[in-house]
Amino acid sequence: MAAVKEKAEDMISRMELGDWLIDQCYVQEHTHHGTPEYYICVTAVPTFQGTASFRRQQLGNLRSSAAYASSYYLTDMAFQFSPSGELIDFEISSTIDVKQVINDNTAVLPMDDLMERAKQHLSLSDYGAYYIPASSIEIYEEEYGENIICMINITQMDYGLTRVKAPNTDDSYYYVPALMLSGSIEYCGQNTGTVYDSYSQMMGNDELWPLVCLNAVDGSVIELQNPSPT
């Protein structure tokens, strides 16, 4: 694993596509006709003046007309190697050029203030604000004969840079300091406690759902996805 990570770092350096940080290096298993196959996956995120952007779910619906919506995929890099270290697959999304640094010493809100704002935002959300819409939850309630509650467990905090759209433009973006809280989501029976659905169950792994992302400069909520078409 260490040798593969070092190999990926060398490849990134020779590409001369800016500064990057490897944020993930893990073994992935696929089963092909009953036979397990293993790959070493390496991913990287861009860095700016020594500070990394944190990983987010890739954007969808790039044609959204919402004022804050992005029309350019998040910048990302991914390698896939064989167990012997041979490169099998490589993908890079949305290369970028840094035009200027607006403020290299931006004042940010204290962590306590950011956490309080995150708590307020989450307390005002309802159970249909996450990956299952309220209409689907109502169907679950009819099917299982009890009220469904949404259980959220915050297990991860990321603090670093993330991308937001520059005002009045479709091709320029800022990277701003931000706080993101992620966690697990389970939809359970209010009386029985039975877990009827969960985000990890849907994904088939332990992937976490991003719950809230705040701009660390002013505490405003950063939307992590473009609105779906109506």
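Every value quoted in this text rests on a predicted model; they were computed, and no experiment measured them.

1. Considerations on the layout of surface pockets
Part 1 of the argument: Reported here for the largest pocket is a volume of approximately 1200 Å³.
Part 2 of the argument: Lining the largest pocket are 38 residues, with Phe 48, Gln 100, Tyr 173, Tyr 174 and Tyr 175 sitting closest to its centre.
Part 3 of the argument: Those elements giving two or more residues to the lining of the largest pocket turn out to be strand S2 (35-48), strand S6 (148-165) and strand S7 (173-189).
Part 4 of the argument: Per element, the largest residue contribution to the lining of the largest pocket is five residues, and it comes from S7.
Part 5 of the argument: Among the residues making up the lining of the largest pocket, the classes are represented as 19 nonpolar, 13 polar and six charged.
Part 6 of the argument: Approximately 990 Å³ is the volume attributed to the second largest pocket.
Part 7 of the argument: In terms of lining, the second largest pocket is formed by 38 residues, of which the most central are Gln 24, Arg 55, Arg 56, Gln 57 and Asp 76.
Part 8 of the argument: Elements represented by at least two residues in the lining of the second largest pocket include exactly strand S1 (20-32), S2, strand S4 (76-81), strand S5 (87-93), S6 and S7.
Part 9 of the argument: Residues that form the lining of the second largest pocket fall into these classes: 18 nonpolar, 11 polar and nine charged.

2. Notes on the environment of Met 77
Part 1 of the argument: In this structure, Met 77 sits in strand S4.
Part 2 of the argument: For the pair Met 77 and Ala 52, spaced 25 residues apart in the sequence, the C-alpha separation amounts to 13 Å.

3. What about the pattern of salt bridges?
Opposite charge on two side chains allows them to pair when their charged atoms are near.
Part 1 of the argument: A full pass over the atoms with the stated rule returns five salt bridges.
Part 2 of the argument: The closest approach of N and O atoms between Asp 23 and Arg 55, which form a salt bridge, is 2.7 Å. Pair noted here: Asp 23 is in strand S1 and Arg 55 is in the loop between strand S3 (51-52) and S4, with a separation of 32 residues, a long-range link.
Part 3 of the argument: On the accessibility criterion, Asp 23 (31% relative accessible area) is partly exposed.
Part 4 of the argument: Its salt-bridge partner being Arg 55, residue Asp 76 comes within 3.0 Å of it at the nearest N-O pair. Of this pair, Asp 76 sits in strand S4 while Arg 55 sits in the loop between S3 and S4; the two residues are 21 residues apart in sequence, bridging distant segments of the chain.
Part 5 of the argument: Owing to a relative accessible area of 25%, Arg 55 belongs among the partly exposed residues under this scheme.
Part 6 of the argument: Look at the salt bridges and you will find they share partners, linking Asp 23, Arg 55 and Asp 76 into a network.

4. Considering the side chain of Thr 75
Part 1 of the argument: Along the chain, Thr 75 falls in the loop between S3 and S4.
Part 2 of the argument: Reaching out from Thr 75, the side chain makes a polar contact with the backbone oxygen of Ser 94 at a distance of 2.6 Å.

5. Structural notes on the nonpolar core
Part 1 of the argument: With 20 residues, the main nonpolar core has Tyr 130, Tyr 131, Ile 185, Tyr 187, Trp 209, Leu 211 and Val 212 as its most contacted residues.
Part 2 of the argument: Elements that contribute at least two residues to this core include exactly helix H2 (111-123), S6, S7 and strand S9 (209-215).
Part 3 of the argument: Apart from residues no more than four positions distant in its own chain, Leu 211 is found in contact with Leu 122, Tyr 130, Ile 152, Ile 154, Leu 181, Ser 182, Gly 183 and Ile 185.
Part 4 of the argument: Within the second largest apolar cluster, 12 residues are counted, among which are Val 4, Ile 12, Trp 20 and Val 42.

6. Concerning the packing of aromatic side chains
Where two aromatic rings form a pair, the distance of their centres and the angle of their planes describe that pair.
Part 1 of the argument: Scanning the entire structure with this criterion turns up five aromatic pairs.
Part 2 of the argument: Pairing Phe 48 with Tyr 175 gives two aromatic rings, centres 4.4 Å apart and planes at 35°, and the pair type is tilted. Of the two residues, Phe 48 is situated in strand S2 and Tyr 175 in strand S7; the sequence distance between them amounts to 127 residues.
Part 3 of the argument: Overall, Tyr 175 belongs to the partly exposed group, its relative accessible area being 22%.
Part 4 of the argument: A centroid spacing of 4.9 Å and a plane angle of 50° characterise the contact between Phe 79 and Phe 90, whose relative ring orientation is tilted. Taken together, the residues Phe 79 in strand S4 and Phe 90 in strand S5 connect sequence positions 11 residues apart.
Part 5 of the argument: Pairwise contacts between aromatic rings join Phe 79, Phe 81 and Phe 90 into one cluster.

What counts and how
- Residues numbered from 1 in each chain as written.
- Predicted model: local features only at pLDDT ≥ 70, side-chain atom pairs only at ≥ 80, totals over all residues.
- Heavy atoms only, no water.
- 1 Å grid on protein atoms, 1.4 Å probe; cavity = no way out; pocket = protein on both sides within 12 Å on 5 of 7 lines; lining within 4 Å.
- Points joined across faces, edges and corners; volume = space filled by probe spheres on them.
- Helix = DSSP H or I, 4+ residues; strand = E, 2+ residues; numbered from the N terminus.
- Nonpolar A, V, L, I, M, F, W, Y, C, P; charged D, E, K, R; others polar.
- Salt bridge = Lys/Arg side-chain N within 4 Å of Asp/Glu carboxyl O.
- Buried < 20%, exposed > 50% of the residue type's maximum accessible area, 1.4 Å probe, protein only.
- Polar contact = N/O pair within 3.5 Å; in protein donor to acceptor, adjacent residues only side chain to side chain.
- Core = buried A, V, L, I, M, F, W, Y, C linked by side-chain atoms within 4.5 Å.
- Contact = heavy atoms within 4.5 Å.
- Phe/Tyr/Trp six-rings, centres within 6.5 Å; stacked < 30°, edge-to-face > 60°.

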